[in-house]
Number of protein chains: 2
Amino acid sequence: MSNSSFKQEEHKLLVIPGPIEVSDDVLLANAHPSMSHVSPAFAPVFGDCIRMTREVVFTKDAQPFLIAGSGTLGWDLVAANLVEQGEDVLVLNSGYFGDSFADCLEAYGAQVTQIGAPVGGAPTKEEITKSLRSKKFKLLTFTHVDTSTGVLSDAKMIAETVKEVSPDTLVVLDGVCSVASEEIQMDAWGIDVVIGASQKGLGVPPGLSVSLASQKALEVFKSRKTRVSAYYASWAKWLPVMKSYETPPATYFATPPVQLIYAFHASLSAITKASPSLPERFAAHKAASKKIKDTLEEWGLGFIPLSRDASANGMTAAKFPAGLKAPDLLPKLLAKGVVMAAGLHKEVKDMYFRIGHMGITVTDPTRGDVDTILKALKESLTEAGLEPPPSMAEAVLELKVVL
Amino acid sequence: MSNSSFKQEEHKLLVIPGPIEVSDDVLLANAHPSMSHVSPAFAPVFGDCIRMTREVVFTKDAQPFLIAGSGTLGWDLVAANLVEQGEDVLVLNSGYFGDSFADCLEAYGAQVTQIGAPVGGAPTKEEITKSLRSKKFKLLTFTHVDTSTGVLSDAKMIAETVKEVSPDTLVVLDGVCSVASEEIQMDAWGIDVVIGASQKGLGVPPGLSVSLASQKALEVFKSRKTRVSAYYASWAKWLPVMKSYETPPATYFATPPVQLIYAFHASLSAITKASPSLPERFAAHKAASKKIKDTLEEWGLGFIPLSRDASANGMTAAKFPAGLKAPDLLPKLLAKGVVMAAGLHKEVKDMYFRIGHMGITVTDPTRGDVDTILKALKESLTEAGLEPPPSMAEAVLELKVVL
């Protein structure tokens, strides 16, 4: 056989908010033969990944860190490298992942102030301004898309507010569930750190922590008064390695996940060099999100995010119709070959389910994933006793027939 | 095509001391379609990996931790979870990786005492005994096989010495370059922590930190007086997750590297359930190591380890013949399709090269890797101006012809 004809095994359609469906090309790259992690053959592949990572979040000079680990490791990178014992940090909390980021920061000795919000909401500009005026914060963190609630925070507004009120405060964007599915203008908006992971919008298997630090963040790091109190998460260890992969020969700190870097290279090449373009990619996510959310709304389902404007474009957190719970719906979807996720936010866990619509599921229309999602949902809701009204498309069709 | 016929791309033979050659089965598993990390389909695969990991190091009840990360992350796990600020730790140093482990322990606030050794050596029983008597150490660490020197430390002797002199001291074995290529009797010898990684003897792509903690180590962890000063590396976060994968439903802390877990499952199944058996596997590593080292010795090459008894069975650190350096040999090997590694230990870096002979390279004789290694080496040495004497095998053959 030729591997160019590699097709992944038949499987259920995975439409949870990460991991997401991965293309055959990317999976084949993940089966790359073993290579030396410092070889002249591999180093430029890693170097390309670093350069393309910058393109995805529109930065010219931020420093990417590509490290074997889960998205969670990105929090440790921020906490270990940018916070010293007892320093004040402001966490904007829009769900489960805000709680966790705060927990991580505290583990490293930060004094954390949180601004909460009702479930489905996010802190407002007024609240952020007021907090920033109350004391000097070393950094502010927010979850761009909180995977537990599907709330999309207004990254541009947050960064602008910090620049207005407390320009020395670093702005940290947790983009694990937003990088490559939502627009992030790192330089133009003034974001100092972006934290991401491979298995969501970036369209790669899980296992790679993908983060970037602005030159300003690196300056703050370099002016630390105390030693970084971690080792694997220390930028001091990784910085020379990342620079060496961009300008080989490669140096060594810890063995990178070689195959996953090949897979990341395949996906980044598709994202930054092929069709759709990055702006088209964001538009495709918005269009798919609108279609799914409009249809669900038409069927009478509500959402966890309190407003459509503050809803993610790569996922949907939808409330079950009255009387239904996860066991009434998710197994029916599974039987139709579609995997969605249950709720995660502890206060409303049993009230909702989550659909992921990122990456090839929305950028490759030949797959028909969005239609598959809606068809399976409609059938499952019907089986569960709900009678969804005809979809808009069907309504139009019926109208035409009548006319 | 059927994926059952998957063959990895043609490539140069990778015989560095990790990453190592990976089988087609394992690479195909690494191209598994995306799966939910908490699904009933995936959880038992993770659970099996946990159980099989125990088998590889002969433990009944130690707790495996399978976490996205490099081998280096294992040091953080030990330092973050088992050491509190200012506690004394004894590091047995047999090369580069001893220096690094000490550096990691200090990052987390340990007071590190090191016992060094001449390059190629390891601390003796007398030196260890003396140090253990000098003060109370929370734990002792040693590098089972130091990848920089190829020195094999006597794990059983070290553990016995600790039990005799300071039985409360935890024994930490860095097995990144020894797990599955050297025998480790975790329970019988009394090892409290084994640190490993996927890309060496375990025969899987890099990106998975594989470690185990004895029940005694977990008790010490649970009796900490202070909070763990890390987040991603915190056993407090991972312990319930690992237990949940063994007894589903699976719970969540950070997304595991799903495809790599499938790959690990494929390799562990071969290691623990197929032929060769584990004892045969260790014997195969010893036999291949002996063949390679005997041949090199016959050609007049020396080794970095000061004694053959204290040499790893999964790798060889051989000195260049007088007058030769890495640029005289490694490119010639590369041109013949064989990738070996340069020196790493800073004091002798330019004096030697390293050959990895772990995993399928030694357990699958149909590949002929060991012969390929020796043939390429002999030809390259000859091209470099050295005239290796006929190998033992050839000498026997010539003798037979004469008779």
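Because the structure is predicted, anything quoted here is derived from the model rather than measured.

Enquirer: Account for the relation of the copies chain A and chain B, with residues named and values stated.
Expert: Overlay of chain A on chain B (RMSD 0.0 Å): rotation 180°, translation along the axis 0.0 Å. Such a turn and shift between the copies fits a two-fold axis. Using C-alpha coordinates, one finds that chain A approaches the rotation axis most closely at glycine 69 of chain A, a distance of 2.3 Å. Taken as a fraction of all interface residues of chain A, those also at the interface in chain B reach 100%, which identifies the copy contact as same-surface.

Enquirer: I'd like a description of the interface of chain A and chain B, backed by residues and values.
Expert: Taken residue by residue, the interface counts 61 residues in chain A and 61 residues in chain B. Of the roughly 4700 Å² buried where chain A meets chain B, counting both sides, 59% is carbon and sulfur surface. In this structure, the salt-bridge partner of arginine 227 of chain A is aspartate 103 of chain B, at a minimum N-O distance of 2.6 Å. For the pair chain A and chain B, the number of links is 19 residue pairs in polar contact (both at pLDDT 80 or more). If you list the elements that add at least two residues to the side of chain A that touches chain B, you get helix 1 (24-29), helix 3 (73-82), helix 4 (96-107) and helix 10 (258-273) of chain A. With seven residues, the top contributor of residues to the side of chain A that touches chain B is helix 4 of chain A.

Enquirer: Just give me the short version of helix 4 of chain A, but keep the residues and values in it.
Expert: All names here are of chain A. In a regular helix each residue adds 1.5 Å, so twelve residues correspond to 16 Å; helix 4 covers 17 Å between its end C-alpha atoms and thus fits that length. For helix 4, the complete set of buried residues consists of Phe97, Gly98, Ser100, Phe101, Ala102, Cys104, Leu105 and Ala107. Looking one or two residues past helix 4, glycine 109 carries a phi angle of roughly 95°, positive in sign.

Enquirer: How would you sum up the sheet that holds strand 13 (residues 341-342) of chain B? Please name residues and give values.
Expert: By way of backbone hydrogen bonds, the strands of a sheet pair with one another, either parallel or antiparallel. All names here are of chain B. Here we have three strands laid out as an open sheet, ordered 11-14-13, and antiparallel in their pairing. Whereas interior strands pair on both sides, the edge strands pair on one side only; in this sheet they are strand 11 (315-319) and strand 13. Strand contacts of helix 11 (residues 278-298): strand 11 and strand 14 (352-356), with the helix running at about 10° to strand 11, the strand carrying the most contacts.

Enquirer: Describe the packing of aromatic side chains, with residues and values.
Expert: Under the criterion given, the structure shown has 35 aromatic pairs over all chains. Judged by centre distance (5.5 Å) and plane angle (20°), the ring pair of tryptophan 75 of chain A and phenylalanine 101 of chain A falls under stacked. Here phenylalanine 101 of chain A lies in helix 4 and tryptophan 75 of chain A lies in helix 3, a separation of 26 residues in the sequence. Aromatic pair tyrosine 252 of chain A and tyrosine 96 of chain B: ring centres 6.4 Å apart, planes at 45°, arrangement tilted. Residue tyrosine 252 of chain A is found in the loop between helix 9 (235-246) and helix 10, and its partner tyrosine 96 of chain B is found in helix 4 (residues 96-107); the two belong to separate chains. Residue classification places tyrosine 252 of chain A among the partly exposed positions, given a relative accessible area of 28%. A relative accessible area of 24% places tyrosine 96 of chain B in the partly exposed class. Three or more aromatic residues link up through ring pairs in this structure, and these residues are Trp75, Tyr96, Phe97 and Phe101 of chain A together with Tyr231, Tyr232, Trp238, Tyr252 and Phe253 of chain B.

Enquirer: How would you explain the side chain of glutamate 21 of chain A if you had to name every residue and give the values?
Expert: Residues and elements named next belong to chain A. Structurally, the position occupied by glutamate 21 is in the loop between strand 1 (13-14) and helix 1. Assessed through its relative accessible area of 3%, glutamate 21 is described here as buried. Separated by 2.9 Å, the side chains of glutamate 21 and histidine 11 make a polar contact. A distance of 2.8 Å separates a polar atom in the side chain of glutamate 21 from the backbone nitrogen of leucine 14.

Enquirer: Explain the pattern of salt bridges to me, and be specific about the residues and the numbers.
Expert: All names here are of chain A. Tallying each qualifying case throughout the model produces 40 salt bridges over all chains. Notably, a salt bridge pairs lysine 291 with aspartate 371, separated by 3.0 Å at the nearest N-O pair. Residue lysine 291 is located in helix 11 (residues 278-298), and its partner aspartate 371 is located in helix 14 (residues 369-383); the two are separated by 80 residues in the primary sequence. The class for lysine 291 is partly exposed, based on a relative accessible area of 41%. Judged by its relative accessible area of 45%, aspartate 371 falls in the partly exposed class. Between glutamate 383 and lysine 336 there is a salt bridge, with its nearest N and O atoms 2.4 Å apart. Pair noted here: glutamate 383 is in helix 14 and lysine 336 is in the loop between helix 12 (326-335) and strand 12 (338-339), with a separation of 47 residues, a long-range link.

Calculation criteria
Residues numbered from 1 in each chain as written. Chains lettered and ligands numbered in written order. Predicted model: local features only at pLDDT ≥ 70, side-chain atom pairs only at ≥ 80, totals over all residues. Heavy atoms only, no water. Least-squares fit on C-alpha atoms with pLDDT ≥ 70 in both. Contact = heavy atoms within 4.5 Å. Buried area = accessible area lost by both parts, 1.4 Å probe. Salt bridge = Lys/Arg side-chain N within 4 Å of Asp/Glu carboxyl O. Polar contact = N/O pair within 3.5 Å; in protein donor to acceptor, adjacent residues only side chain to side chain. Helix = DSSP H or I, 4+ residues; strand = E, 2+ residues; numbered from the N terminus. Expected span 1.5 Å × (residues − 1). Buried < 20%, exposed > 50% of the residue type's maximum accessible area, 1.4 Å probe, protein only. Pairing = 2+ DSSP bridges. Axes fitted to C-alpha atoms, helices over the stretch in contact; angles between N-to-C directions. Phe/Tyr/Trp six-rings, centres within 6.5 Å; stacked < 30°, edge-to-face > 60°.

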